[in-house]
Amino acid sequence: MPLDTSTYNLALLRVDGRRWNELRDQRGQMGVQPSADGSAYLQMGNTKIQAIVAGPNERDASKTNSSASTAATAGGLGATVAVGITVAPFATVDRKRRGRNDKRLQEMQTTLAAALAAAVQGQAYGPRSTIHVSLHVLSQDGSLLAALVNAASLALVDAGVPMTDYLVACTAGSTSSYAAADEAADPLLDLNTQEEQELPFLTLATLGASDKVVAMVCESRVQLARLEGMMATAADGCKGVRDFLDRVVREKGEIMVQEGAVGRGEVVSSMDLD
Amino acid sequence: MPITILQPSLAPPPKPRNDDASDSDSEGGADLEGDIAMGRPAKRARTQDSSIMTPGEIITDDPQWMRGHGTYVIPGAQSNTILSSVAGTLAKTNKLLSVRPLRARYTPEIGDLVVGRIVEVQAKRWRVDVGGTLLAQLPLSAINLPGGIQRRRTETDELQIRTFFSEGELLVAEVQQLYNDGAAVLHTRSLKYGKLRNGVFMSVAGVGGGGGVVRARRQAFTLDISGTDEVSGSEKIDVVLGVNGYIWISKHIEGEGAAAESSGPGITRIEESVGLNVYSSQNDIIPVDTMREIARVRGVITALVENGLRVDEEMVIKGYQEAVEMAKEEPDSADTLWLGGERGKRLTNALVGR
C-alpha cells in the first residue's frame, strides 16, 4: 500500500492524520526510577523508551558489560559515555527476542554514544569516570533512534550531568519515493513505522534549537536534491522536541521548588549591578 | 428515512487532563504551529517567573559576572554570554553565577562527614565508594592504629592492611583533601570515625532528587529510644547522616561512635580510648527492641526521602517521635514499622504541618 500515491496527495494528510510538519503526541517524565542516578520515560507516538543513567562513576565500562554497551569519550580528556540498548521482545507487533549482538542495535549504540559524548561536558569529571546510559525500548513505532536520543538526553538532565544543550533528534522523510516527481516530493516530519518502511528517511540530531548537527543517519536511498529539505524539516522538528523536553524539565523543577526540595533560585537582573 | 444534516457547531473545549502532576503532558502533540513558527524558547527572555535554568539557556550576557559550577561559556566566542549546563536553580555569590542542579551525584568538599564502603584494597591505601563520581581514597597513614599507637606505618602494617579494613566493609570518615579531578582523600584519625558495625546501612539520593541529606552543623547524633513504652531501660541509637547520602543507623555504645564528639577524650589520651577492637567486624548482641527502633528510624528516613523532605537531625528526631506516636495510636497493629505509602505521607504531613 503505497501511501504517498494513494492518499497523501489527495488530502495532504498522512496515514495517522497528521500534516507533513506535525510531530506525534509526546509524553515525557523525569525521575521515573528514584534509585537510579537519573531516569526518564519518553513517548513519541507509540515509540516508548525508558532511559536509566548510572554514574558518572569510576567503574570500568569494558569490565561491567562489554558486550551490552558501546562507549565513547566526551570532550577530549573527559568522562566516557557508555550506551546500552535493550529491545523488549514485546516491543514490536511480532514478538521476537533480540540477541545482545544484534548488529543494528550495536550500530545505534555507537551512534548514540558518539552523539551523547559530543553534548556532555565530560571534562568536569575526568577520564576515569564513566556515564552509563541504559535504554529500554518498550514499544517500537518508528523514529526509534530519535526517540532513544531524546530519552537519553532527558535522563542525563535528570542525572545532573552538565551538557552544552539538550541533544534532540527527529526523523524526516520524503514522499514519493520514485525518482521522477521531484517537484511533487514533500518532506515529512517524525515518521512512524509504516512510513519508515515505504519512504526514504533520515534521523537528525542537533544540539538544542541550534542548527549544529551532532549526528545524522540515513540508511535509505534518497535523491540529493531532496536531502536539504528533509534536513531542514528534521531540524525544525528538533526544535519542537527541544521545546517539549525543556517544558518537561521546567515543570519538574518548578514542582521541586514548590515542594521545597531545592532552594528557590535567584534572578540575575541589571539592578544588582552597581 | 430521510437523512438529517445537523448544523455544524463548535467543538467542546478540551477537557483538562487529570494525569499525574509530574507527568508532563502539556500540549501533548507539540504541534508545530502552521509552517515554521518554532521560536527559540531558551533564547527568549524568560517571561514566566520560573527560576529554573535548563541546559543551553542563556543566564546573562553581562560581562560583569563570572561563571561558576553548572555554567559554561561558548569557547572561542568573543561574547561574555554565560549559559547553563545543568537543570537547576541559579545561585549568586557576589559576582559568581552558578547553577545548582536539581539532582546530581555527590561532589565531595573538604570537611564533609561521609559514610563509605571499601571497594578495593591496594598496597598502601583503600579505595572507598562514597557515592561520588570517582572513588575516594583512604591512605594507610590516615587511620588510627588499634591501641592508639602513634608511629610511622611500616611494611608490617602494609602486609596486614586487610586486618584494618577489607573489601565491602563500611566506615565513617571525613574528607581531608581534594584532587583536581574532584576525587577525595579521606581520613579516620578521630575517635568519631572508623569502622561501622552493629547497625544498618541505607542510601538516599546524594544531592537534590526531592530531598536527601543536607550539609548541617551536626551530621551524627544519638537518638534516645527509651521514650517508647516497649523499650526497657535507656537505650540509644546512633545515626550518622553522611553528606554523600549514605546513612548508618546503629546501636549506641557508650564512648564510641561518630556521635561521641566532644565527650570523648582529647588527642592526648587517645591511646587509652582507641580500644584494640576498633577494627572488629563482629557485631555485639543487639536487643530485639533496639533492632526494632533501628528499623523504625530507617522507615522514618525512607518516608522523608519518598515525600521529598530534607534529611537532617531535626527532621529525623521529630519524625521518629511522630512515628512512635503513630505506633502508640494503633497498638494492635503488627506492622507499625512500615512507613511507606499512606503512612509515610501521614507522617511527613504531620512533620511539616500540611
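As the structure is a computational prediction, the values presented were derived from the model and not from experiment.

Participant: What is the right way to read the overall build of chain B from this model?
Facilitator: Counting secondary structure elements, chain B contains 5 helices and 21 strands. Looking at chain B as a whole, 47% of its 354 residues qualify as buried. Taking all contacts inside chain B whose residues are at least 6 apart in sequence as the whole, residues at least 24 apart take part in 63%. In the form shown here, chain B has an accessible surface area of approximately 18400 Å², with 51% of it arising from carbon and sulfur atoms.

Participant: Please explain the UniProt feature "domain: RRP4 S1" (unreviewed entry) in chain B as it appears in this structure.
Facilitator: In the numbering used here, UniProt assigns the feature "domain: RRP4 S1" (unreviewed entry) to residues 105–177 of chain B. Structurally, residues 105–177 of chain B is divided into 7% helix and 36% strand, and its ends, taken at the C-alpha atoms, are 18 Å apart.

Participant: Just checking my understanding: could you explain the pairing of strand β6 (residues 130–139) of chain A for this structure?
Facilitator: Regular strands have side chains that alternate between both faces of the sheet. Residue and element names in this part refer to chain A. Of all the 10 residues making up β6, 7 are buried; the element is thus mostly covered by neighbouring parts of the structure. Where strand β3 (residues 47–57) meets β6, 8 bridges bridge the pair, whose relative direction is antiparallel. In the strand pairing of β6, V53 is matched with V133. Where strand β5 (residues 80–87) meets β6, 8 bridges bridge the pair, whose relative direction is parallel. The residue of β6 that forms the bridge with T86 is H136. Between the parallel pair β5 and β6, the chain is carried across by helix α3 (residues 103–119), and the sense of this crossover is left-handed.

Participant: What is the right way to read the sheet that holds strand β2 (residues 38–44) of chain A from this model?
Facilitator: Sheets are built from strands paired through backbone hydrogen bonds, the pairs being either parallel or antiparallel. All names here are of chain A. Taken together, 6 strands build an open sheet; the order of strands is β1-β2-β3-β6-β5-β4 and the sheet is mixed. Each of the sheet's edge strands pairs with one partner strand only, and the pair in question is β1 (26–30) and β4 (69–73). Strand after strand, the sheet turns through a mean of 15 degrees between neighbouring axes, direction not considered. Packed onto the sheet, α3 meets β4, β5 and β6 and runs at close to 145 degrees relative to β5. Along the sheet, helix α4 (residues 144–158) contacts β1, β2, β3, β5 and β6; its crossing angle with β2, the most-contacted strand, is approximately 150 degrees.

Participant: Sorry, what's going on with the nonpolar core here?
Facilitator: Side chains of a nonpolar character, in soluble globular proteins, are inclined to be buried together. I85, V133 and L135 of chain A are the most contacted members of the largest nonpolar core, which has 67 residues in total. Among the nonpolar cores identified, the runner-up in size contains 28 residues, and V204, V300, Y320 and L347 of chain B belong to it.

Participant: Would you take a moment to explain the sheet that holds strand β1 (residues 52–53) of chain B for this structure?
Facilitator: Residues and elements named next belong to chain B. Strand order in the open sheet formed by 4 strands is β1-β6-β7-β3, and the pairing between neighbours is mixed. Of all the strands in the sheet, just β1 and β3 (66–67) have a single pairing partner and so form its edges. Two elements, strand β6 (residues 88–93) and strand β7 (residues 96–101), share 6 bridges in a ladder whose sense is antiparallel. Residue pairing across strands places T89 opposite R100, the latter belonging to β7.

Participant: Help me understand the packing of aromatic side chains in this model?
Facilitator: Aromatic ring pairs: the centre-centre distance and the angle between the two ring planes describe each pair. Residue and element names in this part refer to chain B. Summed over all chains, the structure comprises 5 aromatic pairs over all chains. Between the aromatic rings of W126 and F164, the centroid separation amounts to 6.5 Å while the plane-to-plane angle is 80 degrees, which identifies the pairing as edge-to-face. Placement of W126 in strand β10 (residues 125–129) and of F164 in the loop between α1 (155–159) and β12 (170–178) is noted, with a sequence separation of 38 residues between them. Accessibility assignment for this pair places W126 and F164 in one class, buried. Seen from their ring centres, F165 and Y279 are 5.3 Å apart, and the 85 degrees between their planes marks the pair as edge-to-face. Placement of the pair is F165 in the loop between α1 and β12 and Y279 in the loop between α2 (270–273) and α3 (288–306), with a sequence separation of 114 residues. Each member of the pair, F165 together with Y279, is buried. Clustering of aromatic rings is evident, with ring pairs tying together W126, F164, F165 and Y279. Geometry around W65 places K95 over its ring, the cationic atom sitting 5.2 Å from the centre. In this arrangement the basic side chain of R117 is found over the ring face of F201, its NZ or CZ atom lying 5.2 Å from the centre.

About the cut-offs
- Residues numbered from 1 in each chain as written.
- Chains lettered and ligands numbered in written order.
- Predicted model: local features only at pLDDT ≥ 70, side-chain atom pairs only at ≥ 80, totals over all residues.
- Heavy atoms only, no water.
- Helix = DSSP H or I, 4+ residues; strand = E, 2+ residues; numbered from the N terminus.
- Buried < 20%, exposed > 50% of the residue type's maximum accessible area, 1.4 Å probe, protein only.
- Contact = heavy atoms within 4.5 Å.
- Areas by Shrake-Rupley, 256 points an atom, 1.4 Å probe, with all protein chains shown as cover.
- UniProt positions renumbered as here; feature names shortened; annotations may be inferred.
- Pairing = 2+ DSSP bridges.
- Right-handed = clockwise from strand over helix to strand, strands pointing away.
- Axes fitted to C-alpha atoms, helices over the stretch in contact; angles between N-to-C directions.
- Core = buried A, V, L, I, M, F, W, Y, C linked by side-chain atoms within 4.5 Å.
- Phe/Tyr/Trp six-rings, centres within 6.5 Å; stacked < 30°, edge-to-face > 60°.
- Lys NZ or Arg CZ within 6 Å of the ring centre and 35° of its normal.

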